Amino acid sequence: MKIRNILIVGLLLANTLFAFTGRVPVYAKNGMVVSASQIASDIGRDVLKKGGNAIDASVATAFVLAVTWPQAGNIGGGGFLVFHPKKGDVTTFDFREKAPLAATEKMFLDKNGKILNHSNHDSLIAVGVPGTVAGLYKAHQKYGKLPWADLVKPAVELAEKGFPLTWKIYNDVTRYNTEELSRFPTTINKFKNKNGDFYQPGELWPQPDLAATLKRIQKNGHDGFYKGKTAKLLAKFMKENGGIITEEDMAKYEAVERKPIHGNYRGYDVWSMPPPASGGVAIVEILNILEGYNLKATGHNSALYLHLLTEAMRRAFADRAQYLGDPDFNKNMPLQMLTSKDHAKKLRAGIDLFRASVSDSSRFNQAFDEHNTTHFSIVDNEGNAVSLTYTIEQWWGSKIVAEGLGFFLNNEMGDFNPIPGYTSSRGYIGTNPNLIQPEKRMLSSMSPTIIAKDGKPVLVIGSPGGRTIINTTLQVILNIIDHGMDIGQAIEAGRIHHQWLPDITKYEKWQLSPDTRKLLQNMGHKMVEKSGTQGRAMGILIDYENGVLSGAADTRSPDGGVAGY
Ligand code: GLY
C-alpha cells in the first residue's frame with residue numbers, strides 16, 4: 001500500500017501544473033497595516049507612527065474603511081477582532097450584529113413556510129442591530145493609547161471633504177448595482193452631486209450625512225451611535241419603512257470580550273475567533289485533520305493535496321452546521337471536542353486517499369454564500385497584533401442608507417437559519433443552534449486569525465467571502481507553514497472551496513490546471529469553476545530573526561493596499 005501511495009503521489013505531482021504568479025510583499029521595520037483600501041492603510045500606519053498601538057490603528061482604519069470602502073467597511077454592520085498583545089493573553093472582541101427584540105423565528109416566512117421575496121436579505125427587516133461602533137469602542141477603552149476623538153477624526157475629515165472616488169466604487173454604483181441601490185433615494189443620492197449627476201472617478205466624493213454621524217461618534221463614543229440623534233433617526237426610518245429596529249434595540253446593544261479559540265498546528269499556535277464566528281473552530285478542526293498528512297510532499301495544489309483539503313473541509317463544515325451558533329443562546333456547544341486532536345483523528349480515519357467521500361444530504365444542507373465583508377491586519381512597533389474582520393453581510397449590505405445617517409445598513413439577519421427544521425438540496429439549513437431569536441447573534445464564517453510561535457505572533461491573516469472565508473484563510477496558513485511561500489505568494493495563490501454541501505469543489509478560473517481537475521474528477525470530486533475570485537486576504541508576516549514585517553494585500557482587492565514604516 002505504501003509503495004502504491006508513493007507512486008500515486010509521484011504521478012499526481014508529475015501531472016500537476018499550477019499557475020500562480022505571486023507578488024512581491026511590502027516590507028517595513030516598525031509597523032504595518034494591510035486593508036482593502038490604500039487610504040485606510042495609510043491612515044492606520046500614520047496612527048502607528050504617532051505612537052498609537054495596534055488597537056488604536058484598528059479603530060482609525062475601521063472608521064476610514066466605512067468611508068472609503070463602503071461596500072463592506074462599515075459602522076452599520078458588525079464583526080470580530082482578535083488581539084495578540086506582545087505580552088499577555090490573547091483576547092477577542094465580538095461585535096456581531098444582534099436580532100432586534102421584535103425578531104421571531106419565522107419572521108421571513110410566508111403562510112406556506114417559504115421565504116417571502118428574499119426578505120431575509122432584501123428588506124429592512126433583514127437588518128441586524130449594528131455592532132461595529134460598540135466593538136471598536138470597547139476594544140479602545142481597554143487597550144487603546146491615543147484619544148478616541150483623534151482616531152475617529154481622519155474618517156470624519158474624509159467623509160466631510162471627500163476623497164477621490166475610485167473606479168471600483170464608481171463601477172459598482174453606476175454599472176453593476178444601480179438598480180438595487182436605487183430602491184431608496186437616500187441610498188443612490190449618496191453618490192450624486194447637487195446637480196443629480198453621479199460623482200466621477202477621481203472626483204472628490206463627500207458624504208455629509210456620514211460625516212455628521214461620525215462626528216457624533218467622535219464626540220460621544222459608544223453613546224454617540226447607540227443613543228441620541230443616530231438611534232432616533234434610525235428608529236424613525238425603520239418605523240416609516242417597515243423595519244423593526246427601535247431605539248431600545250440600539251440602547252441595549254453591547255459588544256462582548258470573549259476567550260479565543262486556540263489550536264496548534266505543526267508547532268505553531270493558532271488563535272482565532274470563537275462562536276458566534278464559526279471560522280476559528282473550523283480552521284482548527286481542518287488543520288488538525290491535515291496535520292496527519294505530509295502536505296509538503298503532496299506539493300502545493302496537486303490533486304492529492306486538494307483532495308485532502310476538500311475531505312477535511314467537508315467534515316469541518318458538517319460539524320459547523322450541526323453544532324455552532326451564538327454561545328449566549330447555545331450553552332453546550334462542544335468546542336473542546338470539535339477542536340481536539342482526537343476528533344480530527346476519528347475524522348481522518350474516514351478519509352480515503354484515492355476517493356472522494358460523499359456529503360450526506362439527508363442530514364442538513366447549506367448554500368454557498370459569496371457575501372461580502374472586509375478584513376485588515378495590523379502589527380505595531382511593540383509587536384502587538386490585531387486581526388479584524390467586519391461585515392455588512394452582502395455587497396453594500398441591505399443596500400439601504402437611512403435618511404440623514406449616510407451609512408449602509410447590514411442585512412446580516414440573512415446569516416440565521418431562516419426555516420426552522422427545513423433542510424434541502426437547494427441550500428437551506430434548519431438546525432437549531434442558529435435559528436432566529438430576539439437579541440441572538442447570527443452565526444458567522446468570519447475567521448480573523450493570528451498564528452504564533454513561542455508566544456509571539458508570526459502571521460496575521462483573514463479574508464472576506466462568506467463561507468469561503470474559512471477556506472481562504474486556511475489555505476494562506478497552509479501556503480506559509482507547509483509550502484514555505486512568502487506572504488505575497490501565499491495570498492495570491494489560487495484557492496478552492498468546499499463546504500460539505502452542496503457537494504462540489506469550486507476553484508478559481510485559470511488557477512487550476514485541466515490535468516489536476518481531471519485527476520480530482522477521477523477521484524469522484526465534482527469540480528465547478530467559480531465565477532469571480534475567492535476572497536480578498538490581507539496578511540502580515542513577522543520575521544523576528546531579521547526584524548522585518550512583510551505584508552500583502554490580495555490583488556483580488558482592487559482598492560487594497562499595504563502601508564508600513
Ligand atoms: N456575513 C458573512 C459572515 O459573517 O460570515
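As shown above, the structure is provided for reference.
Predicted, not measured: the structure shown is a model, and the values here were computed from it.

Asker: Mind laying out the packing of helix α5 (residues 148–161) against helix α9 (residues 208–220), listing which residues take part and the relevant values?
Answerer: Closest axis-to-axis distance for the α5/α9 pair is 8 Å, and the angle between their directions is 170°. With respect to α9, the axis of α5 lies roughly antiparallel. Where α5 approaches α9, its residues W148, A149, V152, K153, A155, V156, A159 and E160 are matched on the opposing element by P208, L210, A211, L214, K215, I217 and Q218. Partitioning the contact of α5 with α9 into residue classes produces 11 nonpolar, 1 polar and 3 charged.

Asker: Help me get a handle on the site of the ligand, residues and values and all.
Answerer: Near the ligand, the surroundings consist of R96, T373, T391, E393, E412, D415, S444, S445 and M446. Between R96 and the ligand, the recorded distance is 2.9 Å, taken from a side-chain N or O atom to an oxygen atom. Take E412: an N or O atom from its side chain is 2.7 Å from a nitrogen atom of the ligand. Compared with its free state, where it exposes 200 Å², the ligand has 99% of that area covered by protein.

Asker: Tell me what's going on with the nonpolar core, and back it up with residues and numbers.
Answerer: Within the largest apolar cluster, 100 residues are counted, with the highest numbers of intra-cluster contacts made by F63, I75, L81, L214 and L409. Looking at this core element by element, the count peaks at 11 residues for helix α3 (residues 54–68). Counting 59 residues, the second largest nonpolar core, distinct from the first, contains Y265, L287, L304 and W500.

Asker: An account of unusual backbone geometry is needed here, citing residue identities and associated values.
Answerer: Note that the residue after P275, namely P276, is joined by a cis bond; omega there is 15°. Looking at the secondary structure, you find P276 in the loop between β9 (268–272) and α13 (279–290). A cis amide bond links L501 with the next residue in sequence, P502, at an omega value of -5°. Following the sequence through the fold, P502 ends up in the loop between β16 (496–497) and β17 (505–508). The phi dihedral of H118 is positive, around 55°, even though this residue is not glycine. The topology assignment puts H118 in the loop between β4 (91–95) and α4 (132–143). The class for H118 is exposed, based on a relative accessible area of 56%. Phi angles above zero are rare outside glycine, and N301 is one such case at about 55°. With respect to the helices and strands, N301 occurs in the loop between α14 (295–298) and α15 (303–323).

Asker: Can you lay out the sheet that holds strand β2 (residues 32–35) for me, pointing to particular residues and giving the numbers?
Answerer: Across the sheet, 7 strands lie side by side as β7-β4-β3-β11-β10-β2-β21; this open sheet has antiparallel pairing. If you trace the sheet from one side to the other, it starts and ends with β7 (256–258) and β21 (561–564), each paired once. Sheet twist, expressed as the mean angle between neighbouring strand axes with direction ignored, is 15°. Taken together, the 3 bridges between β2 and strand β10 (residues 373–379) define a ladder with antiparallel strand orientation. Across the sheet, the residue bridging to V33 is I378, located in β10. Against the sheet, α4 contacts β3 (78–84), β4, β7 and β11 (385–391), and its axis sits at roughly 150° relative to β4.

Asker: Describe the packing of aromatic side chains, with residues and values.
Answerer: Going through the model one piece at a time under the given rule, you end up with 16 aromatic pairs. Consider the rings of F63 and W148, whose centres lie 5.6 Å apart with planes at 85°: the pair is edge-to-face. Separated by 85 residues along the polypeptide, F63 in helix α3 and W148 in helix α5 bring together distant segments of the chain. Both residues of the pair, F63 and W148, count as buried. Among the aromatic residues, ring-to-ring pairing joins F163, F191, W205, W396 and F408 into one connected group. Geometry around F198 places K192 over its ring, the cationic atom sitting 5.2 Å from the centre.

Asker: Break down the environment of T230 for me, with residues and values.
Answerer: Checked against the element boundaries, T230 lands in helix α11 (residues 229–241). When its relative accessible area of 1% is taken as the criterion, T230 is described as buried. Between the C-alpha atoms of T230 and L405, which are 175 residues apart in sequence, the distance is 6.9 Å. Dropping the residues within four chain positions of it, T230 is found in contact with T213, R216, G224, F225, L405 and F407.

Asker: So what's going on with the sheet that holds strand β1 (residues 26–28)? Which residues, and what values?
Answerer: If you trace the 7 strands from one edge of the open sheet to the other, you get β1-β20-β19-β15-β14-β9-β8, paired in antiparallel fashion. The open sheet terminates on both sides in strands that have one partner only, identified here as β1 and β8 (261–265). Between one strand axis and the next, the sheet turns through 25° on average, direction left out of account. Inspection of the sheet shows β8 paired to β9 by 5 bridges, in the antiparallel sense. Bridge assignment links Y265 to a residue of β9, and that residue is Y268. Helix-sheet contacts for helix α18 (residues 468–481) involve β8, β9, β14 (449–453), β15 (456–461) and β19 (538–543), and the interaxial angle to β15 is about 130°.

Calculation criteria
Residues numbered from 1 in each chain as written. Predicted model: local features only at pLDDT ≥ 70, side-chain atom pairs only at ≥ 80, totals over all residues. Heavy atoms only, no water. Axes fitted to C-alpha atoms, helices over the stretch in contact; angles between N-to-C directions. Helix = DSSP H or I, 4+ residues; strand = E, 2+ residues; numbered from the N terminus. Parallel < 35°, antiparallel > 145°, perpendicular 65-115°, else oblique. Contact = heavy atoms within 4.5 Å. Nonpolar A, V, L, I, M, F, W, Y, C, P; charged D, E, K, R; others polar. Near = heavy atom within 4 Å. Polar contact = N/O pair within 3.5 Å; in protein donor to acceptor, adjacent residues only side chain to side chain. Areas by Shrake-Rupley, 256 points an atom, 1.4 Å probe, with all protein chains shown as cover. Core = buried A, V, L, I, M, F, W, Y, C linked by side-chain atoms within 4.5 Å. Buried < 20%, exposed > 50% of the residue type's maximum accessible area, 1.4 Å probe, protein only. Pairing = 2+ DSSP bridges. Phe/Tyr/Trp six-rings, centres within 6.5 Å; stacked < 30°, edge-to-face > 60°. Lys NZ or Arg CZ within 6 Å of the ring centre and 35° of its normal.

Spatial relationships are all this shows, so hold off on functional conclusions.
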